[in-house]
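As a plain string of letters, each chain reads:
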Amino acid sequence: NFKGQTIAPGPNFTILAGHNAGSYTGICQGTHNINLTVNSSSGQHAPSPAQMKVLANDFSFSFAPNSSNAHVGDSVSINFNLTETVPGQDTYTAIYTTSGNGKLNYNGTVVPPGQSFAFNPGNTSGIYTGTSDGQHNITVTVTSSANVSRSDNQGINFNSNSFTFTFSINSPSANIGASVP
């Protein structure tokens, strides 16, 4: 970009003598060789090669369940945060694993463990439902369209819904129509 105009590789453009500044925006990662040659009206040429390494867009990712303990069958809200270095450049997919039996509901879709799903940048939320007792160590890995991956791991302990019930009769016999305590 030079003086507010996008300059494509190849064409000539005019600059004035003195200090000039422009900017370069790489659209793919890798090493970019940039060669500028200034041609004066008297026929002199002044080449100026430069090299720039364009890095993939980076991001940070974390998540946190709203509770670290629940009963089997309960749903636990999870808050996700994906912060982009340069917003709007990449798309994202996620995949999760769990050490217990459970399912994640993200954007209204139930996603089984190990299945890839579209993931949104910013602050989003989901719901995890544990279907077995014990510690559920949940790992979520998000990968950008620039092939950069970030993971986070959190645990939720799901307690069994078991309980004890006893029943007893105070009298082993009763007359028809009689109530027995």
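Just so it is clear, the model here is predicted, and its values are computed rather than measured.

**Student:** Could you give an account of the overall build of the protein, with specific residues and numbers?
**Tutor:** The secondary structure content of the protein amounts to zero helices and twelve strands. Each helix and strand of the protein, ordered N terminal to C terminal, gives the series β-β-β-β-β-β-β-β-β-β-β-β. A compact globule built from 181 residues would reach a C-alpha radius of gyration of about 16 Å, whereas the protein, at 31 Å, exceeds it by more than 25%. C-alpha atoms of the protein, sized along the principal axes, occupy 125 × 25 × 25 Å. The 181 residues of the protein split such that 24% are buried.

**Student:** Before we move on, could you go through the pattern of salt bridges and cite the residues and values that matter?
**Tutor:** Taken as a whole and judged by the stated rule, the model has one salt bridge. For Asp 58, the salt bridge goes to Arg 150, with nearest N and O atoms at 2.6 Å. Here Asp 58 is found in the loop between β2 (45-54) and β3 (59-65), whereas its partner Arg 150 is found in strand β12 (residues 149-159), with 92 residues between them in sequence. Overall, the relative accessible area of 32% leaves Asp 58 in the partly exposed class. Residue classification places Arg 150 among the partly exposed residues on the basis of a relative accessible area of 31%.

**Student:** Which residues make up the packing of aromatic side chains, and what values do they have?
**Tutor:** Within this structure, the stated rule accounts for eleven aromatic pairs. Aromatic pair Tyr 128 and Phe 158: ring centres 5.9 Å apart, planes at 50°, arrangement tilted. On the criterion of sequence distance, the pair formed by Tyr 128 in strand β10 (residues 122-130) and Phe 158 in strand β12 is long-range, its members being 30 residues apart. Through pairs of rings, three or more aromatic residues link up here, namely Phe 61, Phe 63, Phe 80, Tyr 106, Phe 117 and Phe 119. Over the face of the ring belonging to Phe 59 we find Arg 150, whose NZ or CZ atom lies 5.9 Å from the ring centre.

**Student:** Quick one: what's the story with the side chain of His 136, residue by residue and with numbers?
**Tutor:** Structurally, His 136 is set in strand β11 (residues 134-144). Setting aside chain neighbours within four positions, we find His 136 in contact with Thr 98, Ser 99, Gly 100, Asn 101, Gly 102, Tyr 128, Gly 130, Thr 131, Gln 154, Gly 155, Ile 156 and Phe 158.

**Student:** Describe in detail a nonpolar patch on the surface, supporting the description with residues and values.
**Tutor:** Residues Phe 13, Ile 15, Leu 36 and Val 38 make up a contiguous nonpolar surface patch of roughly 340 Å² in combined accessible area. Structurally, the position occupied by Leu 36 is in strand β1 (residues 30-39).

**Student:** Would you mind going over the layout of surface pockets in detail, with residue names and values included?
**Tutor:** Its volume calculated, the largest pocket comes out at about 1200 Å³. Residue lining of the largest pocket: 32 residues in total, with Ile 7, Phe 13, Ile 34, Asn 35 and Leu 36 positioned closest to the centre. Sorting the residues of the lining of the largest pocket by element identifies β1 and β2 as the ones contributing at least two each. With seven residues, the top contributor of residues to the lining of the largest pocket is β1. Computed from the structure, the second largest pocket encloses a volume of approximately 310 Å³. The wall of the second largest pocket is formed by 13 residues, among which Gly 26, Val 54, Leu 55, Asn 57 and Gln 89 lie closest to the centre.

**Student:** Residues and numbers for the sheet that holds β3, please.
**Tutor:** Pairing is antiparallel across the open sheet formed by five strands, whose spatial order is β3-β5-β10-β7-β8. With partners counted over all chains shown, the strands left at the sheet margins are β3 and β8 (109-111), one partner each. On average, each strand axis in the sheet is inclined to that of its neighbour by 25°, with strand direction left out of account. Note that strand β5 (residues 75-84) and β10 share eight bridges and pair antiparallel. By the bridge assignment for β10, Phe 80 is matched with Thr 124.

Basis of the calculations
Residues numbered from 1 in each chain as written. Predicted model: local features only at pLDDT ≥ 70, side-chain atom pairs only at ≥ 80, totals over all residues. Heavy atoms only, no water. Helix = DSSP H or I, 4+ residues; strand = E, 2+ residues; numbered from the N terminus. Rg over C-alpha atoms; globule rule 2.2 N^0.38 Å. Buried < 20%, exposed > 50% of the residue type's maximum accessible area, 1.4 Å probe, protein only. Salt bridge = Lys/Arg side-chain N within 4 Å of Asp/Glu carboxyl O. Phe/Tyr/Trp six-rings, centres within 6.5 Å; stacked < 30°, edge-to-face > 60°. Lys NZ or Arg CZ within 6 Å of the ring centre and 35° of its normal. Contact = heavy atoms within 4.5 Å. Patch = residues over 30% accessible without salt bridge, like charges linked within 9 Å, V, L, I, M, F, W, Y side chains within 5 Å. Areas by Shrake-Rupley, 256 points an atom, 1.4 Å probe, with all protein chains shown as cover. 1 Å grid on protein atoms, 1.4 Å probe; cavity = no way out; pocket = protein on both sides within 12 Å on 5 of 7 lines; lining within 4 Å. Points joined across faces, edges and corners; volume = space filled by probe spheres on them. Pairing = 2+ DSSP bridges. Axes fitted to C-alpha atoms, helices over the stretch in contact; angles between N-to-C directions.

Functional significance is not addressed by these values, which are geometric in nature.
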